[in-house]
Amino acid sequence: MSRPFYPGLGAPDPDARLHAPAAERNAGPILDVLRRHCQDAGTVLEIASGPGQHVARFAAELPDVVWQPSDPDEGMRTSETAWTAGMENVLSPLALDVLADAWWEAVRRPVGVVLCVNMLHCTARGTMEGLARGAGRLLCAGGWLLIYGPFTFNGEHGARSNRSFDAMLRQQNAAWGVRDVNDIAAAAHRHGLGFESAVEMPSNNHVLVFRRA
């Protein structure tokens, strides 16, 4: 998996913490969705956790949940460790790449929720299938796959800003681009995950909610 795109990512703090401005802005709305799906989750696996700001905020707000961050990038995992230092409900980050064969085998515990934020549009198209394949194997019965980001619906952008963002991504990397909900739902369905809803978020984003049969 190519490293996800983090606009405005600054230099690390002296303690190795990186800062992504988008993570500060969207953490609250994503947390509202997590509260509705994590009551009995046990463990939440976050795919491509990035700098670690999200997992630190979520773990602090939902202390009864065990959080498993991950990222294919070593620098991001170092930042995640720094952000969550001393948090007893956060596990050490895993080096997961959803394009790798049987990547889910590195997660050695039951998972109630798989969370993926701002990854699909800035990685290769194959990440949709890889994410769905692993979630279908990891999630407990009734578990949730939550995917946050910008999406098209039946090929249509919901806002002009999303169309411009899509064009910028494709110019930067031809393999990137805003993904369509139908394509993501089809990949999820192939691996036993049913599409439940699309929750509107600020700035023309959504959380796509899938459930394991």
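Read on for an overview of the structure. Residue indices begin from 1 for each chain and proceed along its sequence in written order. Totals for whole chains, interfaces and linings use every residue, but because this is a predicted model, local features are given only for residues with pLDDT of at least 70 and side-chain atom pairs only at 80 or more, for both listing and counting. Calculation of side-chain values draws on the structure's entire complement of heavy atoms; hydrogens and water are dropped beforehand.

Topic: the packing of helix 1 (residues 21-37) against helix 2 (residues 53-61)
Basically, it comes down to this: Only C-alpha atoms enter the line fits that serve as axes; for helices the fit covers just the stretch in contact. Angles between N-to-C directions range over 0 to 180 degrees. Only DSSP runs of H or I with at least four residues qualify as helices, and only runs of E with at least two residues qualify as strands; both kinds are numbered from the N terminus onward. Orientation labels follow simple angle bins: below 35 degrees gives roughly parallel, above 145 gives roughly antiparallel, 65 to 115 gives roughly perpendicular, and whatever is left gives oblique. By convention the crossing between two helices is left-handed if the near helix lies anticlockwise of the far one by an angle smaller than a right angle, and right-handed if it lies clockwise. When checking whether two residues touch, look at their non-hydrogen atoms; a contact exists if any pair is within 4.5 Å. Residue polarity follows a fixed list, in which Ala, Val, Leu, Ile, Met, Phe, Trp, Tyr, Cys and Pro are nonpolar, Asp, Glu, Lys and Arg are charged, and the others, Gly among them, are polar.
Orientation of helix 1 relative to helix 2, taken along the N-to-C sense of each, is 40°, at an axis distance of 10 Å. By the angle class used here, helix 1 and helix 2 are oblique. For the pair helix 1 and helix 2, the sense of crossing is right-handed. Two secondary-structure elements touch here, helix 1 through A23, E24, N26, A27, G28, I30, L31, L34 and R35 and helix 2 through Q53, H54, R57, F58 and E61. Considered class by class, the residues forming the contact of helix 1 with helix 2 number 6 nonpolar, 4 polar and 4 charged.

Comments concerning the side chain of T123
Our working rule: Between N or O atoms, a polar contact is any pair within 3.5 Å; within protein, one atom must be a potential hydrogen donor and the other a potential acceptor, and residues adjacent in sequence are included only when both atoms are from side chains.
Position of T123 relative to the elements: it lies in the loop between strand 3 (111-117) and helix 4 (126-138). In terms of polar contacts, T123 uses its side chain to reach the backbone carbonyl oxygen of M119, at 3.0 Å.

Things to note about the sheet that holds strand 6 (residues 156-157)
What counts is decided by this rule: Two strands pair if DSSP finds at least two bridges between them.
Reading across from one edge, 6-5-7 is the order of the 3 strands in this open sheet, with mixed pairing throughout. With partners counted over all chains shown, the strands left at the sheet margins are strand 6 and strand 7 (179-180), one partner each. As paired strands, strand 5 (residues 151-153) and strand 7 are joined by 2 bridges and run parallel to one another. The residue of strand 7 that forms the bridge with T152 is D180.

Some points on helix 1
Using the following cut-off: Expected span of a helix: the number of residues minus one, times 1.5 Å. By definition, a residue's bend is the angle between the axes fitted to the seven residues ending there and the seven starting there. Relative accessibility under 20% of the residue-type maximum defines a buried residue, over 50% an exposed one, and the middle range a partly exposed one, all with a 1.4 Å probe and only protein chains included.
Under the 1.5 Å per step criterion, the end-to-end length of helix 1 is 25 Å for 17 residues, consistent within 8% with the ideal 24 Å. Its maximal kink placed at A27, helix 1 deviates by approximately 45°, while the proline P29 follows within four residues. Among the residues of helix 1, A23, N26, A27, P29, I30, L31, V33, L34 and H37 are the ones counted as buried. Buried residues belonging to helix 1 abut helix 2, strand 2 (66-68), strand 3, strand 4 (139-149), strand 8 (193-201) and strand 9 (205-212).

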